[in-house]
Amino acid sequence: MLAQSGPFQFRERNMGKYFLDDHELPEPDAANRWFAYAESHGIDIARAISIWEDAATESGAESRKLVGAAGITIDAP
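The structure presented is a predicted model; accordingly, all values stated were derived computationally and were not measured.

Definitions and cut-offs
Residues numbered from 1 in each chain as written. Predicted model: local features only at pLDDT ≥ 70, side-chain atom pairs only at ≥ 80, totals over all residues. Heavy atoms only, no water. Phe/Tyr/Trp six-rings, centres within 6.5 Å; stacked < 30°, edge-to-face > 60°. Helix = DSSP H or I, 4+ residues; strand = E, 2+ residues; numbered from the N terminus. Buried < 20%, exposed > 50% of the residue type's maximum accessible area, 1.4 Å probe, protein only.

A.B. asks: Kindly report on the packing of aromatic side chains, identifying the contributing residues and their values.
C.D. replies: The tally for this structure, following the rule as stated, stands at 3 aromatic pairs. With a centroid separation of 5.3 Å and 20 degrees between ring planes, the pair formed by Tyr-18 and Trp-52 is classed as stacked. Pair noted here: Tyr-18 is in strand E3 (residues 17-20) and Trp-52 is in helix H2 (residues 45-55), with a separation of 34 residues, a long-range link. Each member of the pair, Tyr-18 as well as Trp-52, carries the same accessibility label: buried. With 6.3 Å between their ring centres and 50 degrees between their planes, Phe-35 and Trp-52 make a pair best called tilted. With Phe-35 in helix H1 (residues 27-40) and Trp-52 in helix H2, this pair connects stretches of sequence that are 17 residues apart. What makes Trp-52 buried here is its relative accessible area of 5%. Joined through ring pairs, the aromatic side chains of Tyr-18, Phe-35 and Trp-52 make up one cluster.

Here it is, written out as structure tokens:
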């Protein structure tokens, strides 16, 4: 589904659910934890973003494993 925002269009997406120690987290909190982990483990920001976005897709099982190393579980849509 495309949404209009000013002159830009963006694709709305269902990002799934995020968990830390079996407690659901809002996506921004989970993302902050992932990016802090990625930075402290030498993963460059572009790669960390790519991994994060892929992990939230049905086909992102390998990326979910990487994000899981930060203690985050993602239930993809």
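Next comes the rest of the description.
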